[in-house]
There are 4 protein chains.
Amino acid sequence: MSGPTRLPRYAYLGPAGTFTEAALRQFAGPDEAEYVPMVDVISALEAVRSGRADFAVVPIENSVEGGVTATLDTLATGDALVLLREVVVPVSFVLAARPGTVLADVTRVSTHPHAWAQCRRWFNVNLPVAVHVPATSTAAAGALLADLAPEHDPGFDAALVAPLSAELYGLEILAEHVADNESAVTRFVVVGLPGALPAPTGADKTSLVVHLASNESGALLAMLEQFAARGVNLSRIESRPLGDLLGRYSFSIDAEGHLADERVAEALIGLHRVCPHVRFLGSYPRADGAVTEVAPGTNDADFAAARDWLATLRRGC
Amino acid sequence: MSGPTRLPRYAYLGPAGTFTEAALRQFAGPDEAEYVPMVDVISALEAVRSGRADFAVVPIENSVEGGVTATLDTLATGDALVLLREVVVPVSFVLAARPGTVLADVTRVSTHPHAWAQCRRWFNVNLPVAVHVPATSTAAAGALLADLAPEHDPGFDAALVAPLSAELYGLEILAEHVADNESAVTRFVVVGLPGALPAPTGADKTSLVVHLASNESGALLAMLEQFAARGVNLSRIESRPLGDLLGRYSFSIDAEGHLADERVAEALIGLHRVCPHVRFLGSYPRADGAVTEVAPGTNDADFAAARDWLATLRRGC
Amino acid sequence: MSGPTRLPRYAYLGPAGTFTEAALRQFAGPDEAEYVPMVDVISALEAVRSGRADFAVVPIENSVEGGVTATLDTLATGDALVLLREVVVPVSFVLAARPGTVLADVTRVSTHPHAWAQCRRWFNVNLPVAVHVPATSTAAAGALLADLAPEHDPGFDAALVAPLSAELYGLEILAEHVADNESAVTRFVVVGLPGALPAPTGADKTSLVVHLASNESGALLAMLEQFAARGVNLSRIESRPLGDLLGRYSFSIDAEGHLADERVAEALIGLHRVCPHVRFLGSYPRADGAVTEVAPGTNDADFAAARDWLATLRRGC
Amino acid sequence: MSGPTRLPRYAYLGPAGTFTEAALRQFAGPDEAEYVPMVDVISALEAVRSGRADFAVVPIENSVEGGVTATLDTLATGDALVLLREVVVPVSFVLAARPGTVLADVTRVSTHPHAWAQCRRWFNVNLPVAVHVPATSTAAAGALLADLAPEHDPGFDAALVAPLSAELYGLEILAEHVADNESAVTRFVVVGLPGALPAPTGADKTSLVVHLASNESGALLAMLEQFAARGVNLSRIESRPLGDLLGRYSFSIDAEGHLADERVAEALIGLHRVCPHVRFLGSYPRADGAVTEVAPGTNDADFAAARDWLATLRRGC
């Protein structure tokens with residue numbers, strides 16, 4: 001498709017200036033990668049499936065809002081994609097406007113509804129007159145301010161955006177650190193086509209989607225016991241409706257460890273047997289670098305010793 | 001506050017014409033209740049807490065999108081509220097416009113981003129030229145079409161709204177049954193202040209919020225075993241981030257049965273002991289009327305017989 | 001049956017001089033109790049049922065041999081009996097003979113088969129010529145040596161007996177500390193009719209017999225979870241065949257704690273519901289005085305707080 | 001050691017005429033095997049370890065009395081032995097005497113104490129005057145009657161023996177079907193040195209001895225979950241004291257299935273990891289021929305499919 005010097009193409013949730021772009025910049029600068037902003041998460045992921053991009057960068061979980069539905073659901077179905085890396089970005093907005101605007105002028109604030117929801121109390125306290133003007137993304141609100149000729153009213157006075165947005169679009173910052181929860185972060189994932197897995201580091205995660213055989217709590221217990229029986233801890237478990245009926249769920253799971261670890265591999269073998277559907281979404285290094293605690297009897301040497309013992313028994317000695 | 005003939009006041013997610021109002025109309029007609037539309041879910045629930053409304057009607061779960069974050073989180077913290085009833089409404093949109101507009105004219109469609117997300121494939125197939133113009137709610141888009149003088153451009157050509165909206169606002173329906181998933185439904189709950197519980201019917205649900213003692217999968221197993229040890233089945237379990245750190249969750253749970261059932265009461269006693277935080281969100285009839293299957297040894301008579309036996313042992317006979 | 005000054009009557013596994021009598025002497029001297037030696041464990045227990053004795057003292061478990069079948073089975077069926085106390089006695093035999101006998105003379109040793117089994121290796125090493133002459137009890141062998149006129153051959157040269165036996169029967173000790181396992185002990189229980197339970201001491205045991213609903217390992221897990229869900233630890237679990245078919249078992253269980261403890265009471269209520277048969281065999285102080293470790297969330301105050309909370313919920317406030 | 005025509009040597013719990021010999025005759029007639037009666041179970045098993053016998057036949061479980069301590073404990077420690085076959089024999093005694101004796105003459109009955117215990121109620125009803133004269137085995141009592149010259153008093157009038165004993169020793173049967181429990185059976189096992197395992201038949205058992213990591217009920221649950229996680233059912237679980245201290249146990253287990261079954265192999269691998277000691281005692285056909293019920297997701301094909309899937313994931317496709 002292109003010569004050897006082609007930069008890797010990263011599709012991401014755009015437009016330019018989103019928190020997603022900030023995540024992408026953490027590991028691949030604009031001179032190391034071709035940035036391909038996409039209109040939504042689904043489009044970014046589909047760009048990888050179709051080959052139009054090599055990788056996608058999308059938000060998967062917010063510490064306040066929880067899992068990002070579109071990401072979880074697009075990964076869970078359709079052609080296989082795997083997670084290759086995760087990046088955590090603090091969610092701190094700025095209130096930005098065209099040069100010359102002052103805070104006292106602002107009565108209409110445009111941003112994505114989720115961003116508005118995360119700053120609602122801040123506005124109640126600091127700018128109670130503000131009303132929300134919905135935008136399709138935070139960056140879209142910033143872009144509109146920058147793009148329209150000054151004589152046109154964009155329909156709002158300021159945009160609630162990522163700091164990167166204000167910088168890219170040459171906007172003036174009226175307020176920084178706008179957030180109801182100062183420690184809020186969003187976790188982004190880098191997604192690619194299945195291929196060689198990232199090497200295990202000892203501080204890894206394995207992501208899965210699992211359906212249950214039935215709707216009973218016994219089925220959830222049986223699923224969790226496949227992890228417990230091999231000493232595999234979960235760092236995230238999230239239910240998602242299957243979409244066909246109320247009361248039918250799949251579970252989106254992050255397990256501690258790497259597919260190359262025997263305990264993780266055995267747990268997956270168990271899940272494959274007892275659950276009607278299991279999708280592997282990748283093994284990759286944790287953003288926080290926390291080394292996995294391995295319970296006694298569950299490291300690779302323990303599995304190897306047990307298998308050797310079994311082989312000896314089967315040979316009859 | 002008002003005389004004996006005052007109608008009960010229902011705060012709901014407005015404006016007029018939302019699916020939430022459609023839910024409210026299922027059990028309390030406009031002549032039986034005072035309808036109080038609110039700008040968002042949080043405001044509707046706070047209206048009950050402050051006494052400005054007697055009840056609130058809010059969406060809690062969508063069969064496609066999953067739990068409604070704002071509802072779950074507002075119920076989980078702050079002053080106590082309880083669920084009194086649930087109502088399930090099919091989510092089927094209509095595309096509505098000012099009289100005289102025809103489908104071929106439509107290139108800009110206004111609606112809430114969630115509604116747009118649920119009809120994205122329908123538009124790809126049926127109206128691929130359409131672009132999304134965000135609105136703060138589906139009904140707000142409809143109201144704007146109705147309110148603006150005909151000579152003003154509202155910025156869009158049609159609104160994607162609930163059927164009730166089109167009717168209330170006198171709009172013309174350009175397309176019916178607009179939905180990517182024809183069986184999609186939304187579950188709404190009626191919320192009030194704590195008080196006498198709805199009487200058990202044999203087809204009830206009990207809603208809870210539970211925090212875990214630690215982040216380990218063992219803690220989740222221990223919590224689920226409190227239900228399993230009393231034969232209580234779960235119809236929904238959903239994790240929600242605690243908001244302070246990635247990787248800390250609470251669980252929003254619907255258990256089958258009523259607080260008046262011994263098995264449910266015993267499970268709650270167990271949860272109260274082993275979990276750092278348990279919030280009771282009510283026992284109320286299931287919308288689907290499905291009678292709870294009671295496992296052998298777990299009906300009230302079994303508990304009574306076991307307690308009588310224990311009392312006899314303690315008396316030493 | 002007798003005046004107020006009557007001493008309590010203790011039936012025990014006799015004849016005089018058994019380890020059982022040694023256990024009895026630990027807590028009730030001959031001037032404090034009437035000793036009633038019985039021919040076997042069943043007779044001793046039946047003497048309590050019939051009123052011919054106030055209490056029975058019988059062995060229930062040996063650290064080498066395990067549970068005493070006759071005791072476990074007689075307690076498990078028939079009219080109710082309860083354990084009131086336990087006493088642990090070291091099992092150290094002496095080889096005893098008529099005065100004048102020396103070790104080199106001994107080729108025939110009489111004792112109960114179980115005693116012989118526990119000293120088999122000792123004899124292999126120290127007196128390999130010895131053959132076993134079975135007796136109905138260790139003390140019976142000693143008694144026969146003492147009772148027969150010197151000119152009669154009892155059919156053996158020495159008796160393997162409890163130290164108390166040699167003392168009571170005026171025998172000469174040829175070897176002390178005869179045992180294959182020097183730390184072997186036997187646990188005895190004092191059994192009475194149901195009545196006021198011994199007061200809780202914080203270092204108690206509760207004994208039970210439990211049948212399972214089915215033969216599946218799931219039924220055993222379900223039974224154990226009734227204990228685990230209340231944080232009750234087991235110090236002994238022993239299977240006993242039900243006697244009707246191979247593969248059907250009851251379980252004889254010692255749980256840590258007292259029936260007066262809420263966590264024990266709740267576990268029993270759970271067992272009563274899920275198991276087809278549960279027999280309570282008493283709550284009594286542990287012989288070793290080991291204070292029960294109470295897991296977080298499982299002491300009486302935790303149960304009381306949880307019940308108060310539940311009552312508040314049910315009242316609707 | 002001998003030529004090609006040497007018959008296999010079977011050590012068994014003798015003397016001639018025991019129920020154990022009856023078990024041996026079920027599968028190897030006197031012309032197909034060399035019978036080597038041994039004085040006790042330990043000697044029979046040691047004869048295999050030392051090479052003096054090819055196989056041993058010993059009782060392992062009685063439907064009334066439970067596990068045979070000496071067998072379980074000798075198999076659990078020392079050089080490895082494996083079970084190759086099981087044989088179930090109804091335990092029905094006959095009361096036998098020298099020709100000429102009639103039932104009315106009998107006041108002294110010789111037999112092994114276990115046999116006496118199993119017929120105690122029968123004698124209470126049918127021959128209440130009878131007193132027990134202990135013997136080292138049932139057959140020993142019969143042999144003594146047959147061996148002594150008629151003018152010598154063996155010290156008893158009749159022997160309670162296996163039907164085979166009466167036949168071999170030419171005794172007269174005074175009463176048949178002597179037993180308190182008419183359906184009582186004893187299970188015998190054929191034991192050999194480790195070697196090729198008996199081929200799987202679909203109706204197999206696997207016997208194990210397992211120690212627990214700690215004394216807590218959690219450790220027992222963790223052990224049982226290794227079976228449950230692979231859908232392996234247990235047909236027998238029996239605790240045995242470890243002999244060092246009261247309250248420390250090992251578990252003697254019969255699991256349904258064969259070591260060649262993936263689910264059994266995986267459960268053993270799990271046990272080897274989480275338990276400090278696991279001893280494999282063989283996989284062999286069940287005497288009752290009951291075909292193992294295999295739960296969904298636990299047959300060999302399920303394991304193979306799961307492993308193939310895992311291998312695919314690890315290759316990154």
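Computed from a predicted structure; not experimentally measured.

Cut-offs and rules
Residues numbered from 1 in each chain as written. Chains lettered and ligands numbered in written order. Predicted model: local features only at pLDDT ≥ 70, side-chain atom pairs only at ≥ 80, totals over all residues. Helix = DSSP H or I, 4+ residues; strand = E, 2+ residues; numbered from the N terminus. Buried ≥ 20, exposed ≤ 12 C-beta atoms within 10 Å, placed from the backbone. Contact = placed C-beta atoms within 7 Å. Pairing = 2+ DSSP bridges. Axes fitted to C-alpha atoms, helices over the stretch in contact; angles between N-to-C directions. Least-squares fit on C-alpha atoms with pLDDT ≥ 70 in both. Core = buried A, V, L, I, M, F, W, Y, C linked by C-beta atoms within 7 Å. UniProt positions renumbered as here; feature names shortened; annotations may be inferred. Parallel < 35°, antiparallel > 145°, perpendicular 65-115°, else oblique. Left-handed = near helix turned anticlockwise from the far one by under 90°. Nonpolar A, V, L, I, M, F, W, Y, C, P; charged D, E, K, R; others polar. Domains from an automatic or database assignment. pLDDT = per-residue confidence, 0-100.

Novice: Explanation requested: the overall build of chain A in the structure shown.
Specialist: Along its length, chain A carries 9 helices and 15 strands. Taken over 317 residues, chain A has a buried fraction of 52%. Contacts spanning at least 24 positions in sequence make up 77% of the contacts within chain A whose residues lie at least 6 apart.

Novice: Is there a simple way to think about unusual backbone geometry in this case?
Specialist: With glycine set apart, most residues show a phi of negative sign, and most peptide bonds adopt trans. A cis geometry characterises the amide bond from Gly 14 of chain B onward to Pro 15 of chain B, with omega recorded as 5°. Residue position: Pro 15 of chain B is located in the loop between β1 (9-13) and α1 (19-27). In this structure, His 177 of chain C takes a positive phi of about 50° despite not being glycine. A count of 11 C-beta atoms within 10 Å places His 177 of chain C in the exposed class.

Novice: What is the right way to read the sheet that holds strand β14 (residues 249-256) of chain C from this model?
Specialist: Two strands in a sheet stick together by hydrogen bonds in their backbones, pointing the same way (parallel) or opposite ways (antiparallel). Residues and elements named next belong to chain C. Spatially, β13-β14-β12-β15 is the arrangement adopted by the 4 strands of the open sheet, whose pairing is antiparallel. Each edge of the open sheet carries a strand with a single partner, namely β13 (234-241) and β15 (277-285). Strand-to-strand twist across the sheet, computed as the mean angle between neighbouring axes with direction ignored, equals 15°. Two elements, strand β12 (residues 204-211) and β14, share 7 bridges in a ladder whose sense is antiparallel. Note on β14: the bridge partner recorded for Lys 205 is Glu 256. Sheet strands touched by helix α8 (residues 262-274): β12, β14 and β15. Its angle to β15, the strand with the most contacts, is close to 165°.

Novice: Where do I start with the relation of the copies chain A and chain B in this structure?
Specialist: Two copies of a chain can be linked by a rotation about an axis combined with a shift along that same axis. Each copy of the sequence occupies a distinct position, and chain A is placed on chain B by a rotation of 180° and an axial shift of 0.0 Å, giving an RMSD of 0.1 Å. Classification of the inter-copy transformation places it as that of a two-fold axis. Distance from the rotation axis, computed per C-alpha, reaches its smallest value in chain A at Pro 134 of chain A: 2.8 Å. When the interface residues of chain A are mapped onto chain B, 97% of them again fall at the interface, so both copies present the same face.

Novice: In this structure, what is going on with the nonpolar core? I would like to understand it.
Specialist: In summary, soluble globular proteins display a tendency toward joint burial of nonpolar side chains. Counting 387 residues, the largest nonpolar core has Ala 56 of chain A, Ala 56 of chain B, Ala 56 and Val 58 of chain C together with Ala 56 of chain D as the members making the most contacts within it. When near neighbours in sequence (up to four residues on either side) are disregarded, Ala 56 of chain D contacts Ala 11, Tyr 12, Ala 44, Leu 45, Ala 47, Val 48 and Val 191 of chain D.

Novice: Explain the UniProt feature "domain: Prephenate dehydratase" (unreviewed entry) in chain A here, please?
Specialist: The UniProt record annotates "domain: Prephenate dehydratase" (unreviewed entry) at residues 9-193 of chain A. Spanning residues 9-193 of chain A, this segment combines 31% helix with 33% strand, and its end C-alpha atoms are found 13 Å apart.

Novice: Even after reading the chapter, I still don't get the pairing of strand β11 (residues 185-192) of chain C, so can you show me in this structure?
Specialist: Consecutive side chains along a regular strand alternate between the two faces of the sheet. Residue and element names in this part refer to chain C. A large share of β11 lies buried, amounting to 6 of its 8 residues. For strand β3 (residues 55-62) and β11, the ladder comprises 6 bridges, and the chain directions are antiparallel. For Asn 62, the partnering residue across the bridge sits in β11 and is Thr 186. Bridge count between strand β5 (residues 82-90) and β11: 8 bridges; the pairing is antiparallel. Within β11, the position partnered with Val 82 by the bridge is Gly 192.

Novice: In this structure, what is going on with the packing of helix α9 (residues 300-315) of chain A against helix α8 (residues 262-274) of chain D? I would like to understand it.
Specialist: Closest axis-to-axis distance for the α9 of chain A/α8 of chain D pair is 9 Å, and the angle between their directions is 130°. On the basis of their axis angle, the class for α9 of chain A and α8 of chain D is oblique. Crossing of α9 of chain A against α8 of chain D: the hand is right-handed. Of the residues in α8 of chain D, those touching α9 of chain A at Asp 302, Phe 303, Ala 306, Arg 307, Trp 309 and Leu 310 of chain A are Ala 265, Leu 268, Ile 269, His 272 and Arg 273 of chain D. Its residues assigned to classes, the contact of α9 of chain A with α8 of chain D shows 7 nonpolar, 1 polar and 3 charged.

Novice: Looking at this structure, I do not really get the interface of chain D and chain C. What am I missing?
Specialist: Frequently, the measure chosen for interface size is the accessible area that the parts lose on association. With 39 residues of chain D in contact, the opposing surface of chain C contributes 39 residues. If you list the elements that add at least two residues to the side of chain D that touches chain C, you get α3 (69-76), α4 (113-126), β8 (131-134), β11 (185-192), α7 (217-228) and β13 (234-241) of chain D. The biggest single contributor to the side of chain D that touches chain C is β13 of chain D, with 8 residues. Looking at the side of chain D that touches chain C residue by residue, the classes come out as 17 nonpolar, 14 polar and 8 charged.

Novice: I keep staring at the interface of chain A and chain B and nothing clicks. Help me out?
Specialist: In this complex, chain A contributes 38 residues to the contact, which on the side of chain B involves 38 residues. When residues of the side of chain A that touches chain B are traced back to their parent elements, those giving at least two are α4 (113-126), β8 (131-134), β11 (185-192), α7 (217-228) and β13 (234-241) of chain A. The biggest single contributor to the side of chain A that touches chain B is β13 of chain A, with 8 residues. When its residues are assigned to classes, the side of chain A that touches chain B shows 16 nonpolar, 14 polar and 8 charged.

Novice: I tried to follow the domain arrangement of chain A on my own but got confused; where do I start?
Specialist: All names here are of chain A. Annotation of chain A at the domain level lists domain 1 (1-91 + 179-195), domain 2 (97-169) and domain 3 (198-317). A straight line from the C-alpha centre of domain 1 to that of domain 3 covers 25 Å. Opposite the 13 residues of domain 1 that make contact, domain 3 presents 14 residues. Contributing elements (two or more residues each) for the side of domain 1 that touches domain 3: α3 (69-76) and β5 (82-90). No other element matches β5, which puts 7 residues into the side of domain 1 that touches domain 3. Of the residues in the side of domain 1 that touches domain 3, the class split is 8 nonpolar, 1 polar and 4 charged.

Novice: Any chance you could explain the arrangement of the chains here in plain terms?
Specialist: At no point do chain A and chain C touch; the closest pair of C-alpha atoms across them sits 12 Å apart. Structurally, chain B and chain D remain out of contact, their C-alpha atoms never closer than 12 Å.

Novice: Honestly, the relation of the copies chain D and chain C in this entry has me stumped. Any pointers?
Specialist: Laying chain D over chain C is done by rotating through 180° and shifting 0.0 Å along the axis; what remains is an RMSD of 0.1 Å. Of all interface residues in chain D, 100% are interface residues in chain C too; the two copies therefore contact each other through one and the same surface.

Novice: Is there a simple way to think about the confidence of the model for chain A in this case?
Specialist: Any residue range with low pLDDT should be treated as having predicted coordinates unsuitable for detailed reading. Across chain A, the average pLDDT comes to 91, with 96% of residues at 70 or higher. Of the two predicted TM-score estimates for the complex, the pTM is 0.86 and the ipTM is 0.86.

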